[in-house]
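# Inside the fold
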Amino acid sequence: MASLPVLSLTVFLPLLGAVLIMLIPGHGQPDGGARSARKLALGTSLLVFAVSLTVWLGFDPSLPGYQFEETVEWISGLNSSYHLGVDGISLFFMLLTTFTTPIAILIGWNRNDARTRELMAAFLVFESASAGMFLALDFLVFFLFYEAVLLPAFVIIGVWGGQRRTWSAITFFLYTMFGSVFMLIALLVFFFQFGVTDIPVLARVGHGLGRETQLWLWLALLASFVVKIPLWPVHTWLPEAYVEAPTGASVLLAGVLLKIGGYIFLRFSIPMLPVATEILAPLIYALAVVALIYLSFVVLMLTLALEDLKKWVAYAVLAHMGFGYIGMFTMTTQGLQGAIFVLISYGLIATALFCCVGVLEERASSREISRFSGLVGSMPKFALVLMVFMLASLGVPGTSGFVGEFLVLVGAYQASSWLALFSASIIVLGCVYFLWMYRLVVFGKAVRADCRSFADLSGREMAIMVPLMAVILWMGIYPDSFLHDTAASVATLIHNYQSTFADAGGAIVAAR
Amino acid sequence: MEILAVFPPLFGSFIAAFFGRTIGDRGAQLVTVAGVVVSALASLVLFNDVALHGHVHTIELFTWIKSGSFVAPWALRFDTLTVVMLIVVTFVSSCVHIYSIGYMAADPHKPRFQAYLSLFTFAMLMLVTADNFVQLFFGWEGVGLMSYLLIGFWYERPSANDAAIKAFVQNRVGDFGFALGIFACFFLFHSVDFDTVFRAAPGMAGQQLHFLGFDVNALTVCCLLLFMGAVAKSAQFGLHTWLLDAMEGPTPVSALIHAATMVTAGVFMVARLSPLFEYSPVASAVVTVFGATTAFVAASIAITQFDIKRIIAYSTMSQLGYMMFACGVSAYNAAIFHLMTHGFFKALLFLGAGSVIHAMSDEQDIRKMGGLWKLIPVTYGLLWVGSLALAGLPLFSGYFSKDAILEAAYATGSSVGMYAYWLGIVTAFLTAFYSWRLLFVAFHGKSRADHHTLEHVHESPLVMLLPCAFLAVGAVCAGALAYTWFIGDGRVGFWRDALTILPAHDTIARAHHGAVPEWAAVLPTVVAVAGIFFAFLFYMVWTGLPRFFAVGFKPVHTFLFNHWYVDSLYDWLIVQPLLVLGRMCWKTGDGTVIDGLGPEGVAAATRYFGQRASRLQSGYVFHYAFAMVIGVVLLVTWFYLAG
């Protein structure tokens, strides 16, 4: 098995699938080849998921470094090579990508989208680029994949987005292009400083940069993804973009795209620029905490105004995003492991919640909260499933949400009791709007006649919900399967970070 | 055996929930009842094994969360405190499960109800067997969640939904403190394991901790934060209003969750953490004051209420106050003793009340009852037993436990202890008064129910009466039987290391050795009898008296009748300032949405604020800029100041 380049397979199989989909003759068939395109896309993504699972099975948690490495000489003039590898940090980001793609394809199975073939191809290109981005170990390769993610994302928002899709897509595109310039600059600075673009090498030598340089590079990196992830207060494009996109697209955007920021922090900012990280951590804390509280209030308002459920979910997911960032900048074992856990867990929860909205949309052709009530009567399975996902979002122990949140808060407390106090406010804030939404949609009397006669979850829908539920509960009850694999890499990250300050004789944040 | 004590309810719950349709209502009821009964039997074996023969042990199931030095396994810890709780939880739960078969006979969702009850029982069992803070939190949130689901069981009723959300949110406010307490403990001890923390606690006494910019006593901070969780869960004054609204749930739920088990989790927590609280006199004093105040406030409101379930709910809150201040004066053993006896007689009172409500076609207002004693004599008798035990009349179980608590409070000799003692005495009087007020008004005099209801009054079926009878036996005998073990001469050998009581704080020992004068020990019984006598006078002899007092002391009566205006106070303290703030910052709001929904404590405050905040989404750039600048500046400043 070791001879098989599994990582490259994970990255390029979806691309192959996308090419094949575009080769399906569209004109001969009544549905424009939509059905075959969906089948092919699903098959490909499941195969990719299987391949990525072998990576997890073969992963040795005791090794802190990169595994399954693949290196091919590429551009010798730039001292750059095609270098892939996986460690405890990227492993689960990759798995999240390969796990959510089949779900994204399956949830819209019966939907009558325009240009289904192209949508499916875009999904697979998106998967390919995202996987490549999480697995790349060369800054240049990373940069290419990073830009490549934008193409399908841009197309998905611009073509299948809602009424304001053009506005969203252009905003997204402009911000992103603007950001990419900064990332390119950062890449060039690193290259001219050290003459290499290899990420593991840069992580070893990056801390040698001067304080000023580190600060500017750090901010440049932040600028490159701040809109995309998106950090408060430049988030407003996102709900707009999500609202009328096909459910599958929302799933991919929320499940995968939103995680890029966290990943860049973990892979670049923290290991390469530790001094700047130490200085600028409060900025991230502040932004994340404000986002947490501010967005929670917005979601509350959306609930009360009986707004669009999809927008609601988009905001609810955003409100929780800040948690991951808080955790990683505490530079404690619990904070960092919790941060990775939170990002993965919310990737799944966001996916699940968007799927739930998709289920309702399929039945009522509407997503307004006011449209639904008393669904528990007609859709008990759905009520149960949504309850589990809601509890996971609330961070109720026994679900994945709890483990991540709790660990992040443990880390946050060690950084500052104020930080813990503010972050923990989500314990109270989060439950108000969730319970209220659930009460409006699922409980109460079924006022409208069709709410009493909706069909419960179908076999296909159960095939989506049950695995999601299983993983969320698994992560909540036996999170060790996941924490075990991230431990060594996180320990190395912290060790290197601290040795920077030990060398400099600076203040050390004690590891706990 | 340990597995048999904890997991059968979970198993039963799953079967009832997922195969409820297949096995039918009767099947679901059987399987859930079987689950808790097995648990109860296993608990008896464990009680004998652990409490009587000293076989204290912990079973580690598997790793739960492990991150660096933060290690929290799934483990079952069995010491005396745990097995006592096991007995209370599984026995009351069994009674309630069986009772529900009769009580919910007309409900279309029986399997779901039984599944919830069993799942609740499981969460409670996980809570009492926890051997680390995180698992305690798991059980804690788990019971809170099940309480939410059971309060809102009749999901078509808006009031039930409101009450369910209120309960969850208020408990979450407590959990917020609880969670911070756990973080503080971990910060201090580098562990969340009970044994490790408890061993290190004496060394931490007097240490300082930097918290929110202040240097404060480390253990006091931890204890007070953790206690915040207990305040919400055990409905102590300040975070108690959810418990009254929780009466929207079915009556068996009130008996199991909001009387005998879940609400006592706060008391259990303080007792479990006695090794921490013992080293923080300040925290103990706070606990005492909270408990005593709660006991008095609740009893004072209870004498003015008319809803049979709310009277008993206030009575529960009041008794929880007794348990809490018992913990505060280091009489943890007396607190748990009272927890146990209370579990029996309060569940009995609730199930009896349920039987009355059942007979009266869902009428809960005691003014519309009257003269029922001839119609439902068995229920009447059971309620007498429960009330006698509650009031603490000699030989009934409440007598042993409540007197011990009051004596312990007296024996402290401190001013805080005296505060608790005297409020406790007043409360004892009020307790007897409102209990017999309920009995006299509901069961004696002329019937005030309408003709239609009266025709249908009937004694409950055996499946409801037998569990009550079992509880009645407990309410009569539990006190006398267990006295020696819990607080009598056998207490040291019984509790072993489950509770920590410093020799200097051992108020129970002092009470045994003559620190309490004769009059102080007899006084609780005297006032209880006086309470009954006055209730007799007020409601049987001179029935004009209540009206006379209500009119003559109108301000006082209005104040009590309106629950001390606590909900209004929340509105005034939390909602209104935010309103002003909102108006100042964002004048554009119109507030129509919130006006339509009405204020509801914290929920409304956050909701309101959310609506205001949403104005930021209006698209005005200066709004964004304003909020951003203010927020960031404030927070960054805070971080730099607070380090």
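Residues numbered from 1 in each chain as written. Chains lettered and ligands numbered in written order. Predicted model: local features only at pLDDT ≥ 70, side-chain atom pairs only at ≥ 80, totals over all residues.

### Describing the overall build of chain B
Helix and strand counts for chain B come out as 30 helices and four strands. Per-residue burial for chain B yields a buried fraction of 60% across its 643 residues. Intrachain contacts of chain B at a sequence separation of at least 6 include 80% that bridge at least 24 residues. (Helix = DSSP H or I, 4+ residues; strand = E, 2+ residues; numbered from the N terminus. Buried ≥ 20, exposed ≤ 12 C-beta atoms within 10 Å, placed from the backbone. Contact = placed C-beta atoms within 7 Å.)

### A word on the overall build of chain A
Of regular secondary structure, chain A possesses 20 helices and two strands. Counting only C-alpha atoms and orienting by the principal axes, one finds that chain A spans roughly 70 × 55 × 40 Å. The buried share of chain A, taken over its 512 residues, is 60%. Taking contacts inside chain A between residues at least 6 apart in sequence as the whole, the part at least 24 apart equals 80%.

### Describing the pairing of strand β4 (residues 214–217) of chain B
Remember that side chains alternate between the two faces of the sheet whenever the strand is regular. Residues and elements named next belong to chain B. Of the strand pairs in this sheet, strand β3 (residues 208–211) and β4 are connected by four bridges, and their pairing is antiparallel. Residue His210 lies in a different strand from β4, and its bridge partner there is Asp215. With antiparallel pairing between neighbouring strands as the criterion, β3 and β4 make up a hairpin whose turn holds two residues, including Leu212 at a positive phi of roughly 50°. (Pairing = 2+ DSSP bridges.)

### Some remarks on the environment of Ser67(B)
Tracing the backbone shows Ser67(B) in strand β1 (residues 57–67). Remark: the alpha-carbon pair of Ser67(B) and Ala530(B), spanning 463 residues in sequence, is separated by 59 Å. The contact partners of Ser67(B), leaving out residues within four places of it in the chain, are Thr333(A), Gln334(A), Gln337(A), Leu407(A) and Leu483(A).

### With respect to the confidence of the model for chain A
Averaged over all residues, the pLDDT of chain A is 84; the fraction at 70 or higher stands at 92%. Contacts from residues 505–512 of chain A, a stretch scored under 50 in pLDDT, to residues over four places away or in other chains number 17 contacts. (pLDDT = per-residue confidence, 0-100.)

### Details of the packing of helix α18 (residues 397–412) of chain B against helix α21 (residues 462–486) of chain B
Residues and elements named next belong to chain B. Orientation of α18 relative to α21, taken along the N-to-C sense of each, is 50°, at an axis distance of 5 Å. As the angle between them shows, α18 and α21 are arranged oblique. Taking contact as the criterion, the partners of Ser397, Gly398, Tyr399, Phe400 and Ser401 in α18 are, on α21, Ala475, Val476, Ala478, Gly479, Ala480 and Tyr483. Of the residues that constitute the contact of α18 with α21, the class distribution is seven nonpolar, four polar and no charged. (Axes fitted to C-alpha atoms, helices over the stretch in contact; angles between N-to-C directions. Parallel < 35°, antiparallel > 145°, perpendicular 65-115°, else oblique. Nonpolar A, V, L, I, M, F, W, Y, C, P; charged D, E, K, R; others polar.)

### Here's the deal with the domain arrangement of chain A
All names here are of chain A. Taken domain by domain, chain A comprises domain 1 (1–272) and domain 2 (280–502 + 505–509). Once you take the C-alpha centre of each, domain 1 and domain 2 turn out to be 22 Å apart. On the domain 2 side, the residues contacting the 39 residues of domain 1 number 46 residues. Those elements that provide at least two residues to the side of domain 1 that touches domain 2 are α3 (90–107), α9 (237–243), α10 (247–255) and α11 (260–272). Take the side of domain 1 that touches domain 2: its biggest share by element is seven residues, from α3. Residues belonging to the side of domain 1 that touches domain 2 are distributed by class as follows: 27 nonpolar, 10 polar and two charged. (Domains from an automatic or database assignment.)

### A closer look at the nonpolar core
One finds Ala326(B), Ala335(B), Ala347(B), Leu348(B), Ala408(B) and Ala475(B) to be the most contacted residues of the largest nonpolar core, which totals 442 residues. At 21 residues, helix α12 (residues 274–304) of chain A tops the list of elements feeding residues into this core. Two domains share this core, each providing at least three of its residues, namely domain 1 (1–272) and domain 2 (280–502 + 505–509) of chain A. When residues no more than four places from it in sequence are discounted, the contact partners of Leu348(B) are Leu382(B), Val385(B), Gly386(B), Cys468(B), Leu471(B), Ala472(B) and Ala475(B). (Core = buried A, V, L, I, M, F, W, Y, C linked by C-beta atoms within 7 Å.)

### Some details on the environment of Val48(A)
Residue and element names in this part refer to chain A. Position of Val48 relative to the elements: it lies in helix α2 (residues 34–58). Given 27 C-beta atoms within 10 Å, Val48 falls into the buried group. Residues Val48 and Phe297, 249 residues apart in the sequence, show an inter-C-alpha distance of 39 Å.

### Here's the deal with helix α12 (residues 265–272) of chain B
When you tally the buried positions in α12(B), you get eight out of eight residues, the bulk of the element. Along α12(B), the residues that are buried comprise Ala265(B), Gly266(B), Val267(B), Phe268(B), Met269(B), Val270(B), Ala271(B) and Arg272(B).

### Things to note about unusual backbone geometry
All names here are of chain B. Positive phi outside glycine occurs at His190, with the angle close to 60°. Along the chain, His190 turns up in the loop between α7 (158–189) and α8 (194–204). We note that Arg496 has phi near 50°; this positive angle belongs to a residue other than glycine. Residue position: Arg496 is located in the loop between α22 (491–495) and α23 (507–512).

### Considerations on the environment of Ser284(B)
All names here are of chain B. Within the secondary structure, Ser284 is located in helix α14 (residues 281–302). Its 26 C-beta neighbours within 10 Å are what place Ser284 among the buried residues. Considered as a pair, Ser284 and Arg310 are 26 residues apart in the sequence and their alpha carbons are 29 Å apart. For Ser284, the residues in contact, after removing those within four places along its chain, are Phe277, Gly328 and Ser330.

### Details of the pairing of strand β2 (residues 80–86) of chain A
Residue and element names in this part refer to chain A. In terms of strand pairing, strand β1 (residues 67–75) meets β2 through six bridges, oriented antiparallel. Note on β2: the bridge partner recorded for Ile75 is Ser80. In sequence, β1 turns back onto β2 through a hairpin of four residues, with Asn79 there showing a positive phi of about 60°.

### A few points about the packing of helix α4 (residues 80–103) of chain B against helix α11 (residues 251–260) of chain B
Residues and elements named next belong to chain B. Packing of α4 against α11 leaves a shortest axis separation of 9 Å and a crossing angle of 165°. By the criterion of interaxial angle, the relationship of α4 to α11 is roughly antiparallel. By crossing handedness, the relation of α4 to α11 is classed as right-handed. Side by side, α4 and α11 meet where Val88, Val92, Ser93, Val96, Tyr99, Ser100 and Tyr103 of the first sit next to Thr251, Pro252, Ala255, Leu256 and Ala260 of the second. (Left-handed = near helix turned anticlockwise from the far one by under 90°.)

### Structural notes on the confidence of the model for chain B
Detailed reading of the predicted coordinates is not advisable wherever pLDDT is low. Residues and elements named next belong to chain B. Scored by pLDDT, chain B comes out at a mean of 84, with 89% of its residues at no less than 70. Across chain B, the element-wise mean pLDDT spans from 31 in helix α28 (residues 592–597) up to 94 in α12. For residues 581–603, every residue scores under 50 in pLDDT, and the model assigns this stretch 35 contacts once sequence neighbours within four places are set aside. Low confidence marks residues 618–623, where pLDDT is under 50. Its contacts with residues over four positions away, or in another chain, come to four contacts. Interface predicted TM-score (ipTM) for the complex: 0.90; the corresponding pTM is 0.89.

### Digging into helix α16 (residues 380–394) of chain A
If you check α16(A), its first and last C-alpha atoms are 21 Å apart, about what 15 residues at 1.5 Å a residue would give, namely 21 Å. When α16(A) is considered as a whole, its buried residues turn out to be Phe382(A), Val385(A), Leu386(A), Val388(A), Phe389(A), Met390(A), Leu391(A), Ala392(A), Ser393(A) and Leu394(A). (Expected span 1.5 Å × (residues − 1).)

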